[in-house]
Amino acid sequence: MSVDHQPGPAGSGERAFEHGATAVAHPNIALIKYWGKRDERLMIPYVDSLSLTLDVFPTTTTVRLSPGAPADSVTLDGSPAEGEPRRRVIAFLDLVRELAGRTEPAVVDTRNSVPTGAGLASSASGFAALALASAAAYGLDLDPTALSRLARRGSASASRSLFGGFAICHAGRGTGAAADLGSYAEPVSVPDFDPALVIALVDAGPKAVSSRAAMRRTVETSPLYRSWATSSEADLSQMRAALQRGDLDAVGEIAERNALGMHATMLAARPAVRYLSPATVAVLDGVLQLRADGVPAYATMDAGPNVKVLCHPADAARVAEAVRVATPGCSVVTARRGPGARLRTGAEQ
Ligand code: PMV
């Protein structure tokens with residue numbers, strides 16, 4: 001199965017997987033951010049979000065059923081997972097087992113090609129791959145929309161990584177089952193816009209505050225949160241129009257203000273959550289200088305200090321050089337639009 005720029009994942013029930021399944025998913029970067037949950041158990045966001053799935057840093061996850069085992073076994077990048085990451089994977093498997101009416105424990109092996117927990121969307125690619133692989137392994141036959149709802153239960157941003165290119169995650173309305181049904185991701189068709197994203201890995205260490213805890217604190221204590229959430233609705237509709245026009249300057253301006261606004265809500269939380277480091281600010285200054293020099297380049301940051309710079313592919317080398325000058329020693333990777341999550345075929349296993 002070819003995966004390049006496919007709009008979405010094949011359904012999880014496409015093939016019967018007797019012993020288990022392996023899925024590959026890529027991270028996505030939100031141009032309109034999700035920040036804050038209105039239901040923490042069902043992982044329902046307060047705001048709609050829109051992202052670009054990348055062609056770098058895939059996560060590969062294998063789920064094998066192990067009927068005789070006393071418990072689930074979870075390996076992350078070759079080592080046994082512990083603490084919160086292990087708890088989240090097992091809670092996710094419990095959900096899949098409940099939906100499938102099954103009880104067998106599983107052996108889960110996950111490999112990230114990006115540092116876990118550093119604000120580079122490893123939870124997005126991770127839970128997208130886990131959703132696809134575990135649904136297939138337990139024989140759950142879900143269409144892409146239902147799979148995106150399932151992935152959302154691991155991490156709301158993961159619902160978008162099931163799809164290639166641009167994707168929107170709907171926050172939905174209502175409570176309980178209605179909210180669960182209404183919050184899902186779907187691809188956004190943007191045929192004529194294929195920007196580059198220059199990623200400045202200024203710090204690959206794990207973040208001090210998890211995005212989950214930071215979101216909760218922001219929603220509960222930041223006086224700026226409601227106004228950012230409201231302005232994000234306007235940002236989204238303007239973003240959709242700018243994407244259809246293929247207008248990089250408009251897309252970049254909206255994405256940058258939406259991200260800076262999200263970080264402003266965190267800075268106003270009590271106590272403040274500050275992910276942006278001096279190196280982040282140096283890259284942001286470099287981006288401003290690029291624009292002053294006539295190079296269209298726009299920054300976005302997630303729950304970490306790393307910066308992603310949106311630009312025309314023809315300018316990517318110049319942007320990467322400016323980033324290296326701004327933060328000597330930082331590693332820089334240029335990404336493009338990437339594929340949706342997919343199950344590996346038997347021959348690839
Ligand atoms: O889904 P999480 O817990 O990885 O949340 C991350 C949210 C941001 O990356 C900051 C924004 C987004 O929409 O991806």
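Q: An account of helix α1 (residues 83-100) is needed here, citing residue identities and associated values.
A: Taking 1.5 Å as the rise per residue, α1 with 18 residues should run 26 Å; its terminal C-alpha atoms sit 26 Å apart, in good agreement. Every buried residue of α1 is listed here: Val89, Ile90, Phe92, Leu93, Leu95, Val96 and Arg97. Against the buried residues of α1 lie β7 (73-76), β9 (106-112), α2 (122-137) and α3 (144-154). Following α1 by one or two positions, glycine 101 adopts a phi angle in the positive range, close to 65 degrees.

Q: Describe the side chain of asparagine 112, listing the residues and the values that go with them.
A: Position of asparagine 112 among the secondary structure elements: in strand β9. Overall, asparagine 112 belongs to the buried group, its relative accessible area being 15%. Of note is the side chain of asparagine 112, whose polar atom sits 2.6 Å from the side chain of threonine 59. In this structure asparagine 112 touches Pro58, Thr59, Leu76, Asp77, Ser122 and Ser125, once residues within four positions along its chain are discounted.

Q: Any details on the domain arrangement of the chain? Residues and values, ideally.
A: According to the domain assignment, the chain contains domain 1 (20-191) and domain 2 (196-335). Distance from the C-alpha centre of domain 1 to the C-alpha centre of domain 2: 23 Å. Taken together, the 34 residues of domain 1 in the interface contact 46 residues of domain 2. Taken together, the two surfaces of domain 1 and domain 2 that pack against each other cover about 3,200 Å², and 68% of this comes from carbon and sulfur. Sorting the residues of domain 1 by area buried against domain 2 places Leu31, Lys33 and Trp35 first, and these three jointly supply 27% of that buried surface.

Q: Before we move on, could you go through the site of the ligand and cite the residues and values that matter?
A: Around the ligand, the surrounding shell holds 14 residues, and the nearest of these are Tyr34, Ser123, Ser155, Ser157 and Arg160. Here an oxygen atom of the ligand sits 2.8 Å away from a polar atom, N or O, in the side chain of arginine 160. Within the side chain of aspartate 302, a nitrogen or oxygen atom sits 3.3 Å from an oxygen atom of the ligand. Summarising the interface, the protein chains cover 92% of the accessible area of the ligand, which totals 380 Å² for the free molecule. Looking at the shell around the ligand residue by residue, the class counts come to 7 nonpolar, 4 polar and 3 charged.

Q: Any details on the nonpolar core? Residues and values, ideally.
A: Counting 40 residues, the largest nonpolar core has Val108, Leu130 and Leu150 as the members making the most contacts within it. Listed by contribution, the elements that provide at least two residues to this core are β1 (20-25), β6 (59-65), α1, β9, α2, α3 and β10 (166-169). The leading source of residues in this core is α2, at 10 residues. Each residue touching valine 108, except ones within four places of it in the same chain, is listed here: Thr61, Thr62, Val63, Ser73, Val74, Thr75, Val89, Leu93 and Leu130. Ile32, Leu54, Leu201 and Ala242 belong to the second-largest nonpolar core, a separate cluster that totals 29 residues.

Q: A description of the environment of proline 45 should follow, citing residues and the corresponding values.
A: Secondary-structure assignment places proline 45 in strand β4 (residues 44-45). Given the relative accessible area of 0%, proline 45 is considered buried. In contact with proline 45, not counting residues within four places along its chain, are Tyr34, Gly36, Lys37, Arg38, Arg152, Ala156, Cys169, Ala171 and Ser183.

Q: An account of the pattern of salt bridges is requested, with residue identities and associated values reported.
A: As enumerated under the stated definition, the model contains 14 salt bridges in all. Aspartate 109 is the partner of arginine 111 in a salt bridge, and the nearest nitrogen-oxygen pair spans 3.1 Å. One network of salt bridges, with partners in common, ties together Lys33, Asp302 and Lys308.

Q: For the sheet that holds β10, give the residues involved together with the corresponding values.
A: The strand order across the open sheet built from 4 strands is β2-β5-β10-β11, with neighbouring strands paired in antiparallel fashion. Of all strands in the sheet, those with a lone pairing partner are β2 (28-32) and β11 (185-187), marking the two edges. Pairwise comparison of adjacent strand axes, ignoring direction, gives a mean angle of 30 degrees for this sheet. Of the strand pairs in this sheet, strand β5 (residues 49-53) and β10 are connected by 4 bridges, and their pairing is antiparallel. Across the sheet, the residue bridging to leucine 50 is isoleucine 168, located in β10.

Q: Help me get a handle on the side chain of arginine 97, residues and values and all.
A: Note that arginine 97 resides in helix α1. A relative accessible area of 8% places arginine 97 in the buried class. Within polar-contact distance, the side chain of arginine 97 engages the side chain of tyrosine 138 at 2.9 Å. If sequence neighbours within four positions are ignored, arginine 97 has contacts with Asp72, Ile90, Arg102, Thr103, Glu104, Pro105, Ala106 and Tyr138.

Q: Describe in detail the packing of α1 against α3, supporting the description with residues and values.
A: Here α1 crosses α3 at 145 degrees, and the two axes come no closer than 9 Å. The interaxial crossing formed by α1 with α3 has right-handed handedness. Here α1 contributes Arg88, Phe92, Leu95, Val96 and Leu99 to the contact with α3, which in turn contributes Leu150, Ala151, Arg153 and Gly154.

Conventions we followed
Per chain, residues are indexed from 1 in the order of the written sequence. The predicted origin of the model limits local features to residues at a pLDDT of at least 70 and limits the giving and counting of side-chain atom pairs to 80 or more, whereas totals for whole chains, interfaces and linings rest on all residues. Where side-chain values are given, they derive from all heavy atoms of the structure, hydrogens and water being excluded. Each helix corresponds to a stretch of at least 4 residues labelled H or I by DSSP, and each strand to a stretch of at least 2 residues labelled E; elements are numbered beginning at the N terminus. In this scheme, a helix's expected span is set at 1.5 Å multiplied by one less than its residue total. Using a 1.4 Å probe on the protein chains alone, a residue whose accessible area is under 20% of its type maximum counts as buried, one over 50% counts as exposed, and one in between counts as partly exposed. Any two residues whose heavy atoms approach within 4.5 Å at even a single point are treated as in contact. Each polar contact in these results corresponds to two N or O atoms within 3.5 Å; when the atoms are within protein, one needs to be able to donate a hydrogen and the other to accept it, and residues that are neighboring in sequence are counted only if both atoms are side-chain atoms. The source of the domain bounds is an automatic or database domain assignment. Buried area counts how much accessible surface, traced with a 1.4 Å probe, disappears from two parts once they are put together, with both parts' losses summed. Near is defined per residue: the residue qualifies when any heavy atom it owns lies within 4 Å of the molecule or strand. Using a 1.4 Å probe, the Shrake-Rupley method yields the accessible areas, and only the shown protein chains count as cover for residues. Side-chain classes follow a simple rule in which Ala, Val, Leu, Ile, Met, Phe, Trp, Tyr, Cys and Pro form the nonpolar group, Asp, Glu, Lys and Arg form the charged group, and the remainder, Gly included, forms the polar group. By nonpolar core is meant a set of buried Ala, Val, Leu, Ile, Met, Phe, Trp, Tyr and Cys residues that side-chain atoms within 4.5 Å join together. Put simply, a salt bridge is a Lys or Arg side-chain nitrogen that is within 4 Å of an Asp or Glu carboxyl oxygen. DSSP-based pairing: two strands are paired if at least 2 bridges between them are found. Angles shown run from 0 to 180 degrees and are taken between the N-to-C directions of axes, each axis being a line fitted to C-alpha atoms and, for helices, limited to the stretch in contact. Left-handed describes a crossing whose near helix is turned anticlockwise from the far helix through less than a right angle; right-handed describes the clockwise counterpart.

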